[in-house]
Amino acid sequence: MSTLEIRNLHVSVETDGEGPREILRGVNLTVRKGETHAIMGPNGSGKSTLSYAIAGHPKYTVTEGSITLDGADVLAMGVDTRARAGIFLAMQYPVEVPGVSVSNFLRTSATAVRGEAPKLRLWVKEVKETMGFLEMDQAFAERGVNEGFSGGEKKRHEILQMMLLKPKIAILDETDSGLDVDALRVVSAGINAVRETGETGTLLITHYTRILRYVQPEFVHVMAGGKIVDEGGSELAATLEESGYDKYVKVGAGA
Amino acid sequence: MAVIDATGRPPAAAAPAAPVRSRDPEAHPVPTGREEAWRFTPLRPLKPLIAGQEPDGKIDISVAAPEGVEVEFVDADDPRVGRVLTPVDRVAAFATVRAGGAVAVTVPGETELTEPIVAALRGEGGVCYSHLVVEVGPFARATVVLDHTGTAKYAGNVEVHVGHGASVTFVSLQDWDDDAVHAGAHAFSVGRDAKLRATHLTLGGHLVRINPTVDYRGPGGDAELAGLFFTDAGQHQEHRLLVTHLERNCRSRVTYKGALQGADAHSVWIGDVLIGADAVGTDTYEINRNLVLTDGARADSVPNLEILTGEVAGAGHASATGRFDDEVLFYLMARGIPAGEARRLVVRGFFGEVLDRIDVPALRDRVMAAVDAELSAVGA
Ligand SMILES: Nc1ncnc2c1ncn2[C@@H]1O[C@H](COP(=O)(O)OP(=O)(O)OP(=O)(O)O)[C@@H](O)[C@H]1O
Ligand SMILES: [Mg+2]
């Protein structure tokens, strides 16, 4: 039973020149395997900060609170250890790794996460099939990681990694942004394929409700001003669709 | 004809005096460190070589060559010596004089070698000099590897002539011990329709200063110069290139990549390309990229293109020095890859373009292993 538990999480970011600045101000959240949670909120509300803090980005400092995965202290783990423990973050802005091919990167990563090098023949087949599922050209495997990828290609590549690494907890930061309808359909199918295994807890971070038509969450959380200010089921997403974030932004600002 | 340099500025009113070109050491001034050619170089370790101190050490040279290749030791006044290289500084001039002759390697015309010629140069300490001449005859194909190891205070001249229509791959590996001092004038001449691929791989040494120069002896020549250096704490590694296009329709490509780590790691890359007034149809491009892995390291990179003709096919240069990107490190680690391995991936990826060109597999593996070892030495 995989459970990610976030308790009273306060996070500061190191700004350029102005010292640390508090972004998250007491976030509580529990994600169990098989569940899908959506975190929605206006720009700048702290959604990416939450995902970076879970993944362990060095720029974000946890000043208070805890994150545990099946009881183990995630905050005590390095970035790579967290990933090997089963935490996966699909980045909002994946970076280029010049000269490192996708195939080399995927294999190195799978070897690290699985604890042993996957058998070559099976691995090649697995990558090929997964790329096929995501409607990615096989030639992609030989390109440099994210080098010259379009926005949509970068997101497919993130989902490809998620499908291959089979994480316990998958955090998808604005995976839907910048996708056209076709790409959104394919990417959502990838996310759903992982959900359907029942082995992964999914945290879907998004600004828009569009992706929620393809990937239905059981839980919706609204973030504003570095806090979760409202929670509900999938019906909450429908409400947000109509009324937007206006009322929450005021709440956040007052905090 | 207008003279422009890389910046598009007109030349200084009083252009710096052309360097003295002479085999006579005393014809060259003693460098003070203020000269353009010496301003980046720490002179102290080079003192004995600048002074032309009599050799008190030894560099062991053994040449393994496939059948059909002639290897001999010739006098300094042999016509092959100085055919390609005319020294532009005291150190290079002394190298020939003090070496007392040259190792001459001759590949007869139309010989197609399938195995490389490997010259192992092992420094056994002390001040020493050598001169190596490689002549590759018309339409021949050859690969020549220079493998420098051990330690010495060493001035080594190398001249390589690529005969017309011939094709030569040249690799010089500087895999010295930490305290070695190496000044190398490496001169190449490329015959009509000939092709040269020269790669300099500098990993070790306390001070390494290599001066590769290329000239063309007929139209249609093609020279690709590549380099890789990994500069560690306290090391000075300098590559000063000069490609002189005086013939028509010749091509040159220069691609140098360096990684630096540790306090006072210092690399220098100078890329001078001169295109003469008659060199119409010249196609040239040079690039140097440096990856600074830690604080305290410094990379100097100066490309310079001087064009005296209006009719080039292409001429460009680029230079960029960047720090190791922490966001890349985070991305790779967020995929479970430990920091040390992530750094290796990034650095190998960065060097890939140059590494992939080393078509001597054993050498490529050695360089990769050396780079990996350097990276893990820092415990990153
Ligand atoms: N490295 C940083 N330096 C300074 N401020 C930062 C940094 N990272 C985040 N912030 C600030 O923290 C706040 C929250 O940012 P975050 O990226 O978490 O928001 P978000 O909810 O993901 O927004 P978006 O919907 O635009 O992706 C913003 O005000 C942002 O400017
Ligand atoms: Mg964000």
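Worth saying up front: this structure is predicted, and the values here are computed from it rather than measured. (Residues numbered from 1 in each chain as written. Chains lettered and ligands numbered in written order. Predicted model: local features only at pLDDT ≥ 70, side-chain atom pairs only at ≥ 80, totals over all residues. Heavy atoms only, no water.)

Chemist: Which parts of the structure should I look at to understand the site of ligand 1?
Modeler: Residue and element names in this part refer to chain A. Among the 16 residues in the neighbourhood of ligand 1, the closest are listed as I23, G44, K47, S48 and T49. Separating an oxygen atom of ligand 1 from a backbone N or O atom of G46 is a distance of 3.0 Å. E174 places a side-chain nitrogen or oxygen 3.4 Å from an oxygen atom of ligand 1. Counting residues per element, the ones that place at least two in the shell around ligand 1 are β2 (20-32) and α1 (47-55). The dominant element in the shell around ligand 1, judged by the number of residues it contributes, is α1, at three residues. Across the shell around ligand 1, the residue classes tally to four nonpolar, eight polar and four charged. (Near = heavy atom within 4 Å. Polar contact = N/O pair within 3.5 Å; in protein donor to acceptor, adjacent residues only side chain to side chain. Helix = DSSP H or I, 4+ residues; strand = E, 2+ residues; numbered from the N terminus. Nonpolar A, V, L, I, M, F, W, Y, C, P; charged D, E, K, R; others polar.)

Chemist: Help me out: how do you make sense of the sheet that holds strand β9 (residues 169-173) of chain A in this one?
Modeler: Adjacent strands of a sheet pair through backbone hydrogen bonds, lying either parallel or antiparallel. All names here are of chain A. Spatial ordering of the open sheet is given by β6-β9-β10-β3-β11-β12, a layout of six strands whose pairing is mixed. In this open sheet, the two strands that pair with only one neighbour each are β6 (87-90) and β12 (227-232). Strand-to-strand twist in this sheet, taken as the mean axis angle between neighbours without regard to direction, amounts to 20 degrees. Bridge count for strand β3 (residues 36-40) against strand β11 (residues 219-224) is four bridges, and the pairing is parallel. Bridge assignment links M40 to a residue of β11, and that residue is V222. (Pairing = 2+ DSSP bridges. Axes fitted to C-alpha atoms, helices over the stretch in contact; angles between N-to-C directions.)

Chemist: Please explain the packing of helix α3 (residues 102-114) of chain A against helix α4 (residues 120-133) of chain A as it appears in this structure.
Modeler: Packed helix pairs are specified by the crossing angle of their axes together with the interaxial distance, meaning the distance between the axes. All names here are of chain A. Where α3 contacts α4, the two axes come as close as 12 Å, and the packing angle between them is 115 degrees. When the interaxial angle is binned, α3 and α4 end up roughly perpendicular. Two packed elements cross with a definite hand, and for α3 against α4 that hand is right-handed. Contacts between α3 and α4 involve L106, R107, A110 and R114 from the former and L120, W123, E126 and V127 from the latter. Residues belonging to the contact of α3 with α4 are distributed by class as follows: five nonpolar, no polar and three charged. (Parallel < 35°, antiparallel > 145°, perpendicular 65-115°, else oblique. Left-handed = near helix turned anticlockwise from the far one by under 90°. Contact = heavy atoms within 4.5 Å.)

Chemist: What should I look at first to understand unusual backbone geometry in this one?
Modeler: Most peptide bonds adopt trans geometry, and most residues besides glycine take a negative phi value. Residues and elements named next belong to chain A. In this structure, K166 takes a positive phi of about 45 degrees despite not being glycine. In this fold, K166 is placed in the loop between α5 (151-165) and β9. By relative accessible area, K166 is classed as exposed at 53%. With a phi close to 50 degrees, E174 is a non-glycine residue in the positive phi region. Structurally, the position occupied by E174 is in the loop between β9 and α6 (181-196). (Buried < 20%, exposed > 50% of the residue type's maximum accessible area, 1.4 Å probe, protein only.)

Chemist: How should empty space enclosed by the protein be read in this particular structure?
Modeler: Unfilled space is identified by rolling a water-sized probe across the atoms. Residues and elements named next belong to chain B. Tallying each qualifying case throughout the model produces four cavities of 30 Å³ or more. Approximately 100 Å³ is the volume attributed to the largest cavity. Lining the largest cavity are 15 residues, with D89, V91, A183, G184 and A185 positioned closest to its centre. Only α2 (90-99), β5 (141-162), β7 (181-190) and β9 (207-216) provide two or more residues apiece to the lining of the largest cavity. (1 Å grid on protein atoms, 1.4 Å probe; cavity = no way out; pocket = protein on both sides within 12 Å on 5 of 7 lines; lining within 4 Å. Points joined across faces, edges and corners; volume = space filled by probe spheres on them.)

Chemist: What is the right way to read the coordination of the magnesium ion (ligand 2) from this model?
Modeler: By definition of the ideal shapes, four donors in a tetrahedron about a metal sit 109.5 degrees apart, and six donors in an octahedron sit 90 or 180 degrees apart. Residue and element names in this part refer to chain A. Looking at the metal site, the magnesium ion (ligand 2) is ligated by S48 (OG) and Q92 (OE1), spaced 2.0 to 2.4 Å from it. Residue S48 is found in helix α1, and its partner Q92 is found in the loop between β6 and β7 (97-101); the two are separated by 44 residues along the sequence. Each of the two residues, S48 as well as Q92, counts as buried. (Donors = N, O, S within 2.8 Å, 3.2 Å for Na, K, Ca; no water.)

Chemist: How should I be thinking about the pairing of strand β13 (residues 266-275) of chain B in this particular structure?
Modeler: Every other side chain in a regular strand lies on the same face of the sheet, so the side chains alternate between the two faces. Residue and element names in this part refer to chain B. Of all ten residues in β13, eight are buried, a share of seventy percent or more. In this structure, strand β11 (residues 236-245) lies alongside β13, joined through ten bridges in parallel fashion. Bridge pairing in β13 places T244 opposite L274. When β13 meets strand β15 (residues 298-307), the two strands line up parallel, connected through ten bridges. Pairing of L274 across the sheet is with E306, part of β15.

Chemist: For this particular structure, what's the right way to read the pattern of salt bridges?
Modeler: Opposite charge on two side chains makes pairing possible when the charged atoms of those side chains draw close. According to the stated counting rule, one finds 38 salt bridges over all chains in the structure shown. By sharing partners, the salt bridges in this structure join K195, R197, D222, E224, R251, R357 and D359 of chain B into a single network. (Salt bridge = Lys/Arg side-chain N within 4 Å of Asp/Glu carboxyl O.)

Chemist: Can you walk me through the UniProt feature "domain: SUF system FeS cluster assembly SufBD core" (unreviewed entry) in chain B in this structure?
Modeler: Cross-referencing UniProt, the feature "domain: SUF system FeS cluster assembly SufBD core" (unreviewed entry) maps to residues 123-350 of chain B in the present numbering. As annotated, residues 123-350 of chain B has a helix share of 9% and a strand share of 62%, and its two end C-alpha atoms lie 30 Å apart. (UniProt positions renumbered as here; feature names shortened; annotations may be inferred.)

Chemist: I keep staring at the interface of chain A and chain B and nothing clicks. Help me out?
Modeler: Where interface size is quoted, it is often the accessible area lost as the parts come together. Contacts between the two partners involve 34 residues from chain A, matched on the other side by 17 residues from chain B. The partner of R335 of chain B in a salt bridge is E158 of chain A, with the nearest N and O atoms 2.7 Å apart. Linking chain A with chain B are nine residue pairs in polar contact (both at pLDDT 80 or more). When contributions to the side of chain A that touches chain B are tallied by element, the ones reaching two or more residues are α1, α2 (79-85), β6, β7, α3 and α5 of chain A. With six residues, the single largest contributor to the side of chain A that touches chain B is α3 of chain A.

Chemist: Help me understand the pairing of strand β8 (residues 195-202) of chain B, please; the structure alone is not making it clear to me.
Modeler: Residues and elements named next belong to chain B. Summarising burial for β8: six of the eight residues are buried, a large majority. Examined bridge by bridge, strand β6 (residues 167-174) and β8 share eight bridges and lie parallel to one another. What sits directly across from T169, in β8, is R197. Taken together, the eight bridges between β8 and strand β10 (residues 222-231) define a ladder with parallel strand orientation. Considered in β10, the bridge of L196 is made with A223.

Chemist: How do you make sense of the sheet that holds β2 of chain A when you look at a structure like this?
Modeler: Residue and element names in this part refer to chain A. Sheet architecture is open: four strands sit in the order β2-β1-β4-β5, paired in antiparallel fashion. Both edges of this open sheet fall to β2 and β5 (72-73), since each of them pairs with a single strand only. This element, α1, spans β1 (3-14), β2 and β4 (60-69) of the sheet and lies at about 110 degrees to β1.

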